[in-house]
Every structure is written in structure tokens, then in C-alpha cells.
Amino acid sequence: MDMKRDRPGRSRRWITARAATLCAALVAVAATRGPGHATRGPGDAAAEPGHPAEGHGGAADQPGHARAVLAAVRGTSPLTCELAVRAVERRSGGGPWLPPAATEAAHDAELRWATSARPDPDAAAVLLAALHDPDACVRRTAATLLGRARHAIAVAGMLRALRADAAPTRAAAALALGYAEPDEAAGPLVAAIRDTADAVRANAAWALGGIEDPSTVEPLEEALRDRSAPVRTAAAYALGRMEAGDAIDALARALRDDPVADVRRAAAWALGQIEDARAADALAGALRDAGAHVRRAGPWPVPRPRPLPPSP
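Here goes a summary of the coordinates provided. (Residues numbered from 1 in each chain as written. Predicted model: local features only at pLDDT ≥ 70, side-chain atom pairs only at ≥ 80, totals over all residues. Heavy atoms only, no water.)

**Quick word on the overall build of the chain**
Line of reasoning, step 1. Of regular secondary structure, the chain possesses 16 helices and zero strands.
Line of reasoning, step 2. A buried classification covers 50% of the 312 residues belonging to the chain.
Line of reasoning, step 3. Taking contacts inside the chain between residues at least 6 apart in sequence as the whole, the part at least 24 apart equals 71%.
Line of reasoning, step 4. Total accessible area on the chain stands at roughly 14,600 Å², and carbon and sulfur atoms take up 55% of it. (Helix = DSSP H or I, 4+ residues; strand = E, 2+ residues; numbered from the N terminus. Buried < 20%, exposed > 50% of the residue type's maximum accessible area, 1.4 Å probe, protein only. Contact = heavy atoms within 4.5 Å. Areas by Shrake-Rupley, 256 points an atom, 1.4 Å probe, with all protein chains shown as cover.)

Written out as C-alpha cells, the structure is:
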């Protein structure tokens, strides 16, 4: 079988399944609340009696779509939130690929917007406000959606949120910048990997892997010695994504000496991304690791470590 020819069909089926996952999450939340119920927060707007709610009017109503999606995820369980966020992360633009039976007409516009659109400045303003929301899933979803809003207004707002007083907002902002990958965020994110909050440091380290600025290799090497295992894991993943040959020794030490298996696994994955004989030699240690999932990470690619969700 020609695998390259087979990929488009497989990709379409995979995208459809992910879209259906998000739809199921949104519809399930609505069903548990009953008809007409909506829990509103700082980024949400109420519909006036006798007028349709925002979010059903098409592409021009991006702020309404943003409010509707955020209202749908508010108060959800961590599992439901994770399902929704993962579906949004694996977005794909264009085309009426959603099967009619997968959603209800009332949610179709929001679903299509959440899984494919680039938020315009007005929608970005709604999402930026949601980074300050007290609800963890609202912040996480807003950060994920903001990653597609790469215009200057959105990036400036994310950088401001990275300096917020509240640690959960800073963590969400770091996550958003990791999805958006703006070059100008490298310096502020390096500062954020020295934040007092573990979640901020972890998300900032993860975000730097996408920006791939060579000047951030040394700070990420330092983060491999952080007291928090999720921070060390995120730093290892970031160095692997950057294929940072200068970090081979630091990654080899993490693979050999770190007491946490997830960190060693991430270090093994990172070394596997670096095309250097020294990295190959270091990977030999993964084959002797006591953790089975660490041994598998050496010779085979493994799923990337996921960003640490902003703390509630």
C-alpha cells in the first residue's frame, strides 16, 4: 500500500473524529444544564429576551462564537475539558468535513469556528479577557484558541497577561504563547521559566520549544534541574523540538540521573530528535532504564509531553 496516498483519507477520518469529540463535549455540557441555561463569566454576554444569542450568525460573529464556546466549557470536569481542548488543538481549516449527524444545528457554527477559524481582533479580546477567568477550563480553552490569533493585538495581550498578578493567568498566557509561537515572546518566556509558580514555569518551558530561539537553550538546560518534575519534562521536550545539539550533555544527564521516569522519557525522546552521534551514544542508556516506557522512548518516537494545564 502507498502510505503517502493513503494519508489524506486517514487524515480526514481522524479530523472528523476529533471534531465529533469536541461537539460531544459541548453538547454534553449543554444537556446537563438544561434548556436555556448558561453560566456566564467575565468573557460571556447574555442574550436579551426575544433576541437570538450571539454565536449563531456566521463568520462575522466571531466574538459571539468565542463567548458561546467558553460558556459551554465553563464548569466542566477535567476529563471533559481535556477532550474539548484536545479536539481544538487538532484543528484543521477549510471544508464542510463535519458529518451532519455529528452535531446539532444550534451548535454547528460554534463548532466550526472553534475547530478551524483564526480569531479576529474582536474575538481575541474576548479570549484575552478569559485568561483572567476563575474557571480553569475557560482559561485553558481560551489559551488554546488564542494560539491561532497571531496578529499583533492578540500577541500584545498575551504578553501582558504573562505579567499578570494571578499565577493561573500567567500560566494560561504562557500556554497561549506556546501555541502562537511569536518570536518576540522568547525573552518574556525565558523570564517566566523562573516564575515562582510551577505551572507558569512548565508552560513557559513548553512554549519555548515552539519558538526555537537558540538563545533559549541555556535557560532550558537550567530548567532541566528545576525542583518540579513537570518543568523538567517540559524543558526536555522543548530542547528536543529545537534539536538542540548543545544540550546533549544536559539531556544525557537527565536521562541517566533524574529520579522521575517521565523526565527520563522526555530526555530520551529529545535525544532521539538530535542527529548527532553523541545523542545516539546517550540513548543507549535508555535501553537499560528500569521504566518500560523510558526504554520505548529511546528507539521509537513517543507522544510529546502535554503542557501542564493552568492551575485552578
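**Some thoughts on the pattern of salt bridges**
Line of reasoning, step 1. One pass over the full model with this rule turns up 12 salt bridges.
Line of reasoning, step 2. R140 is the partner of E82 in a salt bridge, and the nearest nitrogen-oxygen pair spans 2.9 Å. Taken together, the residues span a long stretch of sequence, with E82 in helix α3 (residues 78–89) and R140 in helix α6 (residues 136–146) at a distance of 58 residues.
Line of reasoning, step 3. Residue R140 is classed as buried on the basis of its relative accessible area of 3%.
Line of reasoning, step 4. Here D198 makes a salt bridge to R201, at a shortest N to O gap of 2.6 Å. Taken as a pair, D198 and R201 lie in helix α10 (residues 198–211) at a separation of three residues, close to a single helical turn.
Line of reasoning, step 5. With relative accessibility at 2%, the residue R201 sits in the buried group.
Line of reasoning, step 6. Within the structure, one salt-bridge network assembled from shared partners comprises D198, R201, D226 and R227. (Salt bridge = Lys/Arg side-chain N within 4 Å of Asp/Glu carboxyl O.)

**Re unusual backbone geometry**
Line of reasoning, step 1. The phi angle at E212 is positive, at roughly 60 degrees, despite the residue not being glycine.
Line of reasoning, step 2. By the element assignment, E212 lies in the loop between α10 and α11 (217–223).
Line of reasoning, step 3. Residues other than glycine seldom take positive phi values, yet E243 does so here, at roughly 50 degrees.
Line of reasoning, step 4. Within the element layout of this structure, E243 appears in the loop between α12 (229–241) and α13 (248–257).

**With respect to the state of the cysteines**
Line of reasoning, step 1. Under the defined criterion, the tally for this structure stands at one disulfide.
Line of reasoning, step 2. Paired through a disulfide, C81 and C137 show a sulfur-sulfur distance of 2.1 Å. Its S-S torsion of about 100 degrees marks the bond between C81 and C137 as right-handed, since a negative value means left-handed. In this pair, C81 sits in helix α3 while C137 sits in helix α6, placing the two residues 56 residues apart along the sequence. When sorted by exposure, C81 lands in the same class as C137, which is buried. (Disulfide = S-S within 2.5 Å.)

**Overview of the packing of α12 against helix α14 (residues 261–273)**
Line of reasoning, step 1. Two numbers describe how α12 lies on α14: the axes approach to 8 Å, and their chain directions differ by 5 degrees. Our classification of the angle between α12 and α14 gives roughly parallel. Mapping the contact onto sequence places A229, R232, T233, A236, Y237, G240 and R241 in α12 and D262, V263, A266, A267, W269, A270 and Q273 in α14.
Line of reasoning, step 2. Classifying every residue of the contact of α12 with α14 gives eight nonpolar, three polar and three charged. (Axes fitted to C-alpha atoms, helices over the stretch in contact; angles between N-to-C directions. Parallel < 35°, antiparallel > 145°, perpendicular 65-115°, else oblique. Nonpolar A, V, L, I, M, F, W, Y, C, P; charged D, E, K, R; others polar.)

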